[in-house]
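Observations on chain architecture
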Amino acid sequence: ISVFLSPYYIYQGLQNLSLYSIVNLIRGVLSTVLIFILIKREKDYIIYAAITVILNVISSLFFLIYAIVKYNLKFRLYGLKHSVKLLKSDRYIFFSSIIWSLYTSTNTVILGFFVDSAHVGFYTVAVSLITIIQSVINIPLTTSLYPFLANSFSLSIDAGIEQLRKIAPIVFYFTLFSGFFILLFAPLIINIVYGEKFHNSIICLMLLSFMPLVSCMVNLFGIQVMYNLKMDKDFVKITFVGA
């Protein structure tokens, strides 16, 4: 529900992400504080789920109402024919998103067929930590850059490429440094966040340490550039082969 309600695309398209970032920061801090205060026993996992859902719905409603008032938005219902036509025109983006979701979310399931639950747990811990790091590093970069690059490519291909040459080295070296940081401090990170019982997750985290770099480069040159250059079909093929 919160994903459906959230008008994130409006704030991203209008390059007005400051409010979005501030509210999400407040939500994250509030969620952390409530978890530390209210979660005391194993049975409190229901409270944890409730905190997450309620805060997400409240923040999404706030963004939706604020966008309606701020930008004087009007919503209209469209028929099925129009929706199918829109999906058909953007089918390559749709397919690439499905392929990406499948091959990134099925890793744990596939691993479960070959090893016991303990080893799946060690791997899942490392993946979950990398996912959090990626959301902290990659999401602010990619969401803020996409409208900026899209606007440059709308002027001309040369203008877009010129902006890419300025942005790509900054993104590359920042995520490369983050990868080395994770690689070097993996034992400390695991011990602080999960404790000594998850010592076997350290090697998994070290192997995954450069995933933020890879993910950011894929987003930058794949989504940010290839989509803007109308290379959607090629991007789907590359994503399919990689999957």
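The notes below deal with the structure included here. The structure displayed is predicted, hence computed values, not measured ones. (Residues numbered from 1 in each chain as written. Predicted model: local features only at pLDDT ≥ 70, side-chain atom pairs only at ≥ 80, totals over all residues. Heavy atoms only, no water.)

**Points about the pattern of salt bridges**
Here is the rule: A side-chain nitrogen of Lys or Arg and a carboxyl oxygen of Asp or Glu constitute a salt bridge if their distance falls within 4 Å. The way it works is that DSSP assigns letters per residue, a run of H or I at least four long becomes a helix, a run of E at least two long becomes a strand, and they are numbered from the N terminus.
Enumeration according to the criterion identifies 2 salt bridges in this entry. Between Arg-41 and Asp-44 there is a salt bridge, and its shortest N-O distance comes to 3.8 Å. Glu-162 is the salt-bridge partner of Arg-165, the closest N and O atoms lying 3.9 Å from each other. Here Glu-162 and Arg-165 lie together in helix α9 (residues 157-193), a separation of 3 residues that amounts to about one turn.

**What to know about the nonpolar core**
Rules: Here, nonpolar core refers to any group of buried Ala, Val, Leu, Ile, Met, Phe, Trp, Tyr and Cys residues whose side-chain atoms link them within 4.5 Å. Here the term buried applies to any residue with accessible area under 20% of the maximum for its type, exposed to any over 50%, and partly exposed to those in between, with areas from a 1.4 Å probe on protein chains only.
Grouped together as the largest cluster of nonpolar side chains are 15 residues, with contacts concentrated most on Leu-129, Ile-190 and Leu-205. At the level of secondary structure, the elements contributing two or more residues to this core comprise α8 (117-155), α9 and α10 (201-207). Within the second largest apolar cluster, 12 residues are counted, among which are Phe-153, Leu-164, Val-171 and Val-225.

**Brief notes about helix α4 (residues 45-71)**
We count it as follows: By this rule the span expected of a helix is its residue count minus one, scaled by 1.5 Å.
If you check α4, its first and last C-alpha atoms are 39 Å apart, about what 27 residues at 1.5 Å a residue would give, namely 39 Å. By the burial criterion, the buried members of α4 are Ile-51, Leu-55, Ser-59, Ser-60, Phe-63, Leu-64 and Ala-67.

**Quick look at a positive patch on the surface**
Going by this rule: To count toward a patch, a residue needs a relative accessible area above 30% and no salt bridge. Like charges then connect within 9 Å, nonpolar side chains (Val, Leu, Ile, Met, Phe, Trp, Tyr) within 5 Å. Surface exposure here means Shrake-Rupley accessible area, sampled with a 1.4 Å probe, where a residue is shielded only by the protein chains that are shown. This count recognises Lys and Arg as positive and Asp and Glu as negative, with His and chain-terminal groups excluded. Where a charge lies is defined by one atom per residue type, namely NZ (Lys), CZ (Arg), CG (Asp) and CD (Glu).
On the surface, a cluster of positive charge is made up of Lys-88, Arg-91, Lys-233 and Lys-237. Checked against the element boundaries, Lys-88 lands in helix α5 (residues 80-89). Using a relative accessible area of 57% as the deciding quantity, one classes Lys-88 as exposed.

**What about a nonpolar patch on the surface?**
Where nonpolar side chains cluster on the molecular surface, the patch consists of Phe-177, Phe-180, Phe-181, Leu-184, Phe-185, Leu-188, Ile-192 and Val-193 and spans about 850 Å² of accessible area. Along the chain, the position of Leu-184 falls in helix α9.

**Here's the deal with helix α3 (residues 18-38)**
Helical geometry note: an α-helix holds 3.6 residues per turn, so side chains three or four residues apart project in the same direction. Spelled out, the test is: In this description, one arc is meant: the one made by directions from the helix axis to the C-beta atoms.
Helix length check: α3 (21 residues) gives 30 Å between terminal C-alpha atoms against 30 Å at 1.5 Å per residue, within 8%. Every buried residue of α3 is listed here: Tyr-20, Val-23 and Ser-31. Buried residues along α3 cover an arc of 75° about the axis, so they all sit on one side. Projecting away from the buried face of α3 at angles above 90 degrees are the exposed residues Leu-25, Ile-26 and Phe-36.

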